[in-house]
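One-letter residues, chain by chain:
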Amino acid sequence: MTDTKQKTVIAFYSARHGSGKSTACAFLKKQLEDAGHTVEVLSFAAPLREFCKSLIVEQHKLHPSVAEGMLTDGKNNRFNCCLHNTPREHYLIPVGEAARATFGEDFWCDKLLEAVKKSPAEFILIDDMRRPNEYAALHELGAQMVLVIRPHDHTKIGGRPRIEGELANYAFPNIVVNYGGLEQLQMEVERLLPENAE
């Protein structure tokens, strides 16, 4: 399958680290697979991590599996062995920004859209939507937008949560509130199951 006509795309957003976005995405993936569907999780940052991994392997003569762990084991993981105890994000962010400045704002976004089109899965879950251009591209695909929040991270305005971050003024029809318990979060995620997933 090389298009998105038969695919359902669901994109997750949270303004703060630790809101449960990745966990909610993992729960939905399992629920869809348990229902007999094929699912693939894609990330805007995946090609960036692969590029940085190749740089680390080449520059510091590390095994690829070591570099992979450095770029994926925890959001605040530090490069103790070769990059002067630098937080992972302080390495990935400048490289990502340099690519956007050189090749265009949609450089990483276009790579994800290409991966979506190539994926044979029925359901595509995007676990790291953050920027307005990413939202716009996924909205054009007809993606379902999901906001994941913790109760203490927002105040309500007119019964709706105030969204923070770069997507503060964007619409999120689906809201998952993470109160801190895994069972409760799983129940919240169950509400996201599309009719065609039942």
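Note that this is a predicted model, so its numbers are computed, not measured.

A short note on the packing of helix 5 (residues 107-118) against helix 6 (residues 132-140)
Line of reasoning, step 1. Taken N-terminus to C-terminus, the directions of helix 5 and helix 6 make an angle of 30°; their axes are 10 Å apart at the nearest point. Regarding the angle of helix 5 to helix 6, the classification is roughly parallel. In this structure, the crossing between helix 5 and helix 6 has a hand that is right-handed. On helix 6, the residues that touch Cys109, Leu112 and Leu113 of helix 5 are Asn133, Glu134, Ala137 and Leu138.
Line of reasoning, step 2. Grouping the constituent residues of the contact of helix 5 with helix 6 by class yields five nonpolar, one polar and one charged.

Things to note about the pattern of salt bridges
Line of reasoning, step 1. One pass over the full model with this rule turns up six salt bridges.
Line of reasoning, step 2. In this structure, the salt-bridge partner of Lys118 is Glu114, at a minimum N-O distance of 2.9 Å. Placement of both Lys118 and Glu114 in helix 5 is noted, with a separation of four residues, approximately one turn of the helix.
Line of reasoning, step 3. Under the relative-accessibility criterion, Lys118 is labelled exposed at 58%.
Line of reasoning, step 4. A relative accessible area of 41% means that Glu114 is categorised as partly exposed.

Let's talk about the sheet that holds strand 1 (residues 8-13)
Line of reasoning, step 1. If you trace the five strands from one edge of the open sheet to the other, you get 2-5-1-6-9, paired in parallel fashion. Of all the strands in the sheet, just strand 2 (39-42) and strand 9 (174-177) have a single pairing partner and so form its edges. Averaged over all pairs of adjacent strands, the angle between their axes in this sheet comes to 20°, without regard to strand direction.
Line of reasoning, step 2. Pairing geometry for strand 1 and strand 5 (residues 123-126), over four bridges, is parallel.

So, how was this worked out
- Residue indices begin from 1 for each chain and proceed along its sequence in written order.
- In keeping with the predicted nature of the model, local features appear solely for residues at pLDDT of at least 70, side-chain atom pairs appear and are counted solely at 80 or more, and the whole-chain, interface and lining totals rest on all residues.
- Note that water and hydrogens are dropped before the side-chain values are worked out from all heavy atoms of the structure.
- Helix axes are fitted to C-alpha atoms over the stretch in contact, other axes to C-alpha atoms as well, and angles between N-to-C directions run from 0 to 180 degrees.
- Strands are runs of DSSP state E lasting at least 2 residues, helices are runs of H or I lasting at least 4, and numbering of each runs from the N terminus.
- Orientation labels follow simple angle bins: below 35 degrees gives roughly parallel, above 145 gives roughly antiparallel, 65 to 115 gives roughly perpendicular, and whatever is left gives oblique.
- Crossing chirality is assigned from the near helix's rotation relative to the far helix, an anticlockwise turn below a right angle marking it left-handed and a clockwise turn marking it right-handed.
- In this description, contact between two residues means that some pair of their heavy atoms is separated by no more than 4.5 Å.
- Any residue outside Ala, Val, Leu, Ile, Met, Phe, Trp, Tyr, Cys, Pro, Asp, Glu, Lys and Arg is labelled polar, Gly included; the first ten of those are nonpolar and the last four are charged.
- We count a salt bridge whenever a side-chain nitrogen from Lys or Arg sits within 4 Å of a carboxyl oxygen from Asp or Glu.
- Whether a residue is buried, partly exposed or exposed follows from its accessible area with a 1.4 Å probe, protein chains only, as a fraction of its type maximum: under 20%, in between, or over 50%, in that order.
- Here, strands pair whenever DSSP counts at least two bridges between them.

Fair warning: the whole summary comes from geometry, so function is off the table for now.
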